[in-house]
Amino acid sequence: MNEEFHVSASPHIRSNDTTTKIMLCVIIALLPTTIFGITNFGYKALVLIIITVAAAVASEWIYNKLVHKKSTVNDLSAVVTGLLLALNFPSELPWWIAVVGAAFAIIVVKMLFGGLGQNFMNPALGARCFLLLSFTSSMNNFNCDAYSGATPLAVMRDGGQYNTLNMLIGHTAGTIGETSAICILIGAIFLIWMGIIDLRIPGSYILSFLVFIILFGGHLNTGDLMNFCVGELCGGGLMLGAFFMATDYATSPATPKGKIIYGVIAGVLLGIFRMFGSMPEGCSYSIIFANMLVPLIERWTIPRAFGLKGEKE
Amino acid sequence: MTLFTFRGGVHPYDGKDISKDKPTKEYCPKGDLVFPLSQHIGAPAKPVVQVGDRVLKGQLIAEADGFVSASIHASVSGTVKAIEPRLVATGDMVMSVIIENDGLYEAAEKNPDFNENMSGPADIIQKIKMAGIVGMGGAGFPTHVKLSPKEPKDIKYIIANCAECEPYITADYRRMVEEPEKLVEGMRIILSLFPNAIGIFGIENNKPEAIRKIKELVAHEEKMEVKVLRTKYPQGSERQLIYATTKKHVNSSMLPADAGCIVDNVDTIVAVCRAVKEGLPLTERIITVTGDAIADPQNFKVCIGTNLSELIEAAGGFVEKPEKIIAGGPMMGFALFDTNIPATKTTSALLCLTKKASSWQETSACINCGRCTQSCPSLLVPSKLSDFSAHNQTEQFLKWNGMECMECGSCSYVCPAKRDLAQSIKAKRRAILADRRKKQEGK
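These lines cover the structure that appears in this document, whether it is placed above or below. In this text the structure is predicted, and so the values were computed from the model without any measurement.

### Some points on the overall build of chain A
Scanning chain A from terminus to terminus reveals 14 helices and zero strands. Oriented by its inertia axes, the alpha-carbon framework of chain A measures out at about 80 × 55 × 30 Å. Counting contacts in chain A only where the partners sit at least 6 residues apart, residues at least 24 apart contribute 76% of the total. Accessible surface, chain A as shown: approximately 13600 Å² in total, 66% of it carbon and sulfur. Taking the 17 positively charged and 17 negatively charged side chains of chain A as two groups, their mean positions are separated by 6 Å.

### Describing the overall build of chain B
Within chain B one finds 14 helices and 17 strands. Relative to its length of 443 residues, chain B is compact, with a C-alpha radius of gyration of 22 Å against a globular reference of 22 Å. If one aligns the C-alpha atoms of chain B with their principal axes, the spans along those axes are about 65 × 55 × 50 Å. Sorting the 443 residues of chain B into buried and exposed places 58% on the buried side. Pairs at least 24 apart in sequence give 72% of the contacts found in chain B among residues at least 6 apart. With an accessible surface of roughly 18200 Å², chain B has 51% of that area assigned to carbon and sulfur atoms. Between the mean site of the 56 positive side-chain charges and the mean site of the 53 negative ones, chain B shows a separation of 7 Å.

### Quick word on the pairing of strand β9 (residues 157-162) of chain B
Residues and elements named next belong to chain B. Burial analysis of β9 places five of its six residues in the buried class, which makes it a mostly covered element. For β9 and strand β10 (residues 198-204), the ladder comprises six bridges, and the chain directions are parallel. Paired with Cys162 across the bridge in β10 is Ile203. Inspection of the sheet shows β9 paired to strand β12 (residues 261-265) by five bridges, in the parallel sense. Counterpart to Tyr157 in the pairing with β12 is Cys261.

### Digging into the pairing of strand β5 (residues 60-63) of chain B
Residues and elements named next belong to chain B. With two bridges joining them, strand β3 (residues 46-47) and β5 adopt antiparallel strand pairing. Looking at the pairing, Lys46 lines up with Glu63 of β5. Of the strand pairs in this sheet, β5 and strand β6 (residues 72-73) are connected by two bridges, and their pairing is antiparallel. Looking at β6, one finds that Leu60 is bridged to His73.

### Side note on the packing of helix α1 (residues 19-41) of chain A against helix α2 (residues 43-66) of chain A
Residue and element names in this part refer to chain A. The interhelical angle for the contact between α1 and α2, taken along N-to-C directions, is 135 degrees, at an axis separation of 6 Å. Here α1 is positioned oblique relative to α2, judged by the angle of their axes. Taken together, the residues of α2 that come into contact with α1 (itself represented by Thr34, Gly37, Ile38 and Phe41) are Tyr43, Ala45, Leu46 and Ile49.

### Quick look at a nonpolar patch on the surface
Nonpolar side chains collect at one region of the surface, where Val108, Leu112, Phe113, Phe120 and Met292 of chain A lie side by side and expose about 440 Å² of accessible area between them. Note that Leu112 of chain A resides in the loop between α4 (95-110) and α5 (123-134).

### Things to note about empty space enclosed by the protein
All names here are of chain A. In this structure the tally under the stated criterion is eight cavities of 30 Å³ or more. Taken as a whole, the largest cavity holds about 350 Å³ of empty space. In terms of lining residues, the largest cavity is bounded by 24 residues, among which Met23, Val80, Leu84, Asp248 and Tyr249 are the most central. Elements supplying a minimum of two residues to the lining of the largest cavity: α1, α3 (77-86), α5 and α12 (238-245). Among the elements that line the lining of the largest cavity, the one with the most residues is α3, at four residues. Taken together, the residues that form the lining of the largest cavity break down as 16 nonpolar, six polar and two charged.

### A look at the packing of aromatic side chains
The tally for this structure, following the rule as stated, stands at 10 aromatic pairs over all chains. Taking the centre distance of 6.0 Å and the plane angle of 80 degrees together, the rings of Tyr13 of chain B and Tyr168 of chain B count as edge-to-face. Separated by 155 residues along the polypeptide, Tyr13 of chain B in the segment before α1 (17-20) and Tyr168 of chain B in the loop between β9 and α4 (171-178) bring together distant segments of the chain. For Tyr13 of chain B, a relative accessible area of 57% corresponds to the exposed category. Here the aromatic cluster, defined as three or more aromatic residues joined through ring pairs, consists of Phe212, Phe216 and Phe276 of chain A. Lys232 of chain B extends its terminal NZ or CZ atom over the ring of Phe6 of chain B, reaching a point 4.5 Å from the ring centre.

### Points about the interface of chain A and chain B
Frequently, the measure chosen for interface size is the accessible area that the parts lose on association. Taken residue by residue, the interface counts 44 residues in chain A and 69 residues in chain B. Contact between chain A and chain B buries roughly 4700 Å² in total, counting both sides, with carbon and sulfur atoms accounting for 57%. Contact with chain B buries surface across chain A, with His12, Arg14 and Phe306 of chain A losing the most and accounting together for 19% of the total. Between the two partners, chain A and chain B, sit four salt bridges. Here Asp17 of chain A makes a salt bridge to Arg371 of chain B, at a shortest N to O gap of 2.9 Å. At the junction of chain A and chain B, the tally comes to 22 residue pairs in polar contact (both at pLDDT 80 or more). Taken together, the elements giving at least two residues each to the side of chain A that touches chain B come down to α1 and α14 (283-300) of chain A.

### A word on unusual backbone geometry
Backbone phi values are negative for most residues with the exception of glycine, while trans is the configuration of most peptide bonds. Ser10 of chain A connects to Pro11 of chain A through a cis peptide bond whose omega is 0 degrees. In this structure, Pro11 of chain A sits in the segment before α1. The omega torsion of the bond from Tyr233 of chain B to Pro234 of chain B falls at -5 degrees, within 30 degrees of zero and hence cis. Positionally, Pro234 of chain B belongs in the loop between β11 (224-229) and α7 (238-246). Phi at Tyr168 of chain B is positive, roughly 75 degrees, even though this residue is not glycine. Judged by relative accessible area, which is 5%, Tyr168 of chain B ranks as buried. Phi is positive for Asn401 of chain B, close to 65 degrees, though the residue is something other than glycine. For Asn401 of chain B, a relative accessible area of 17% corresponds to the buried category.

What counts, and at which threshold
Residues numbered from 1 in each chain as written. Chains lettered and ligands numbered in written order. Predicted model: local features only at pLDDT ≥ 70, side-chain atom pairs only at ≥ 80, totals over all residues. Heavy atoms only, no water. Helix = DSSP H or I, 4+ residues; strand = E, 2+ residues; numbered from the N terminus. Contact = heavy atoms within 4.5 Å. Areas by Shrake-Rupley, 256 points an atom, 1.4 Å probe, with all protein chains shown as cover. Lys, Arg positive; Asp, Glu negative; His and termini not counted. Charge placed at Lys NZ, Arg CZ, Asp CG, Glu CD. Rg over C-alpha atoms; globule rule 2.2 N^0.38 Å. Buried < 20%, exposed > 50% of the residue type's maximum accessible area, 1.4 Å probe, protein only. Pairing = 2+ DSSP bridges. Axes fitted to C-alpha atoms, helices over the stretch in contact; angles between N-to-C directions. Parallel < 35°, antiparallel > 145°, perpendicular 65-115°, else oblique. Patch = residues over 30% accessible without salt bridge, like charges linked within 9 Å, V, L, I, M, F, W, Y side chains within 5 Å. Salt bridge = Lys/Arg side-chain N within 4 Å of Asp/Glu carboxyl O. 1 Å grid on protein atoms, 1.4 Å probe; cavity = no way out; pocket = protein on both sides within 12 Å on 5 of 7 lines; lining within 4 Å. Points joined across faces, edges and corners; volume = space filled by probe spheres on them. Nonpolar A, V, L, I, M, F, W, Y, C, P; charged D, E, K, R; others polar. Phe/Tyr/Trp six-rings, centres within 6.5 Å; stacked < 30°, edge-to-face > 60°. Lys NZ or Arg CZ within 6 Å of the ring centre and 35° of its normal. Buried area = accessible area lost by both parts, 1.4 Å probe. Polar contact = N/O pair within 3.5 Å; in protein donor to acceptor, adjacent residues only side chain to side chain.

Take a look at the structure:
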């Protein structure tokens, strides 16, 4: 036979999943909250989103060119990072700060550490914290045409009441993507249905947070436990963080038990920040902190292989 | 009806419909037949014939060398043409006996000592040994050794591996549908060796016809039952099969016999029946010639030693240029660069895939998505193990239980970045095993 055959190691068939398809699913899951954010905050939000995503993709493309590596923008991971970052911005944020943030997220947090899959903390959150520290007043300016001033969490911190139905639907001040709990949940259900995330991380994060704040009597101020819990859950970046940021593959544990420990650590930290911290928001910091502990968590939770409990000597 | 199963595993495209309903055809080889002296686990057999000898069908041409070894018999009558190294499916050159087929198929005389009624355990084991039966599911472990554990009284389960979990292969299925009585009889014979054992037929639920037939035959058997398994790869892996049918755990440092189980493939059990009842040595097996590149995919009853390229012609040749030709299944089989290799006792299929069905995609970075961890039947973390293998971190590899890997390939199958996880873990595991063997021999 003169024909040539392809020879390689087994297995010789593969599933149809690809990295790009996974990223695309995440983008689709973020669409409800993105569209809601644009309708809630207006055309400025749309422009900001486009600029941030473009800056993220451009940063990755430029970096790859500078270091003479193959372009990786086709795997859509830069688009996801850019979109997540944009959803963490207030709609009035100056465009140049958004570009600086996107470049920081991609170049410093992701590419300098080894590119896709090698980042040690969530790039979008890392950039958000960098901007919060460098441009505090711009990043905390939630005044816009539609809403004035304080976010629901700030109001609750000062002892006021907030309409939790508005918080669920999203007609409140806040960053572009975090206001509508319902839109985020729709996206999260889509991701769970597609098998991209499972409930271990968001579940343990949210549950341990709730247990913590109830234990420490946060609801005693307002007297209404249900309203308080819903308010705390829908306020700030908790929903977006629990389902889209904490679940980022590269920065969460690979081991099933590790995922739960990671979620609990982040949840307790968020409880501490919200109850006792000086800022009303702490979601980004809690997730970043937990990201740092991931290598240690993985080492603690090496799964017991099949059959090793029945080992005979 | 509850379906028995195990944790992990994947669901590749089944591929069995194209070949499973066609009756098995007997195939008479045209060219020379090649008998590698090592087609089983253990020491290679020693040839007992010389170049120029005339041999008959069923005649012993190589005898077992030691306890863990198996004898080899001619599957046709003819003349010994040569004894020289020949290419086999794994790519190695193995010393083989080459027989020129005279087309007469003259059978050797039956062993005058053979008595169908001799049925004590020692007699049965002896008959199985004389017939050269090895595990025909792919591993090729000598069956007479497997059926001689240290404590026969401790064996509780004889499990017939009717799962055939690899996609595309339907050889065992056809055997179950066409000769179920021999399968049940073979099980009966094996059960007579183990007074405390019951027989379990573990069949996947994508084979309803086979389930029906075997259930009918064991309906009145006290010591046999059928357990229907959820169709999933790798259900046919020994450890997963034992777990699914008996809930017992077996790890890499144990033999199934340590858990009171013995697992045998369908074809092996049928061969046991023919050896014990009719004195026939192992000289043929069913091979599925299939894949989307083949014109008429079907099963053939093939004489051991037949050149596999003949089978491609017999199945109608190629309807499209194949991208890959695989000896075995798509998950664990060997890709061939030359189809002029012999069918051995452990060759279950010849799979010819076009570019569309097989896969080659560029590898990209691991994103730590965890799909490999979810699908690993040994409950390992393949992404980490593959990393340790690439960076030569033996201690970490052992700490994360890399030696428990059964090389099923589920991790590579499921990886969205198309990383060669199974390949790197296999390489590291075998390097460690080779090291250990060297140290033992050095002592």
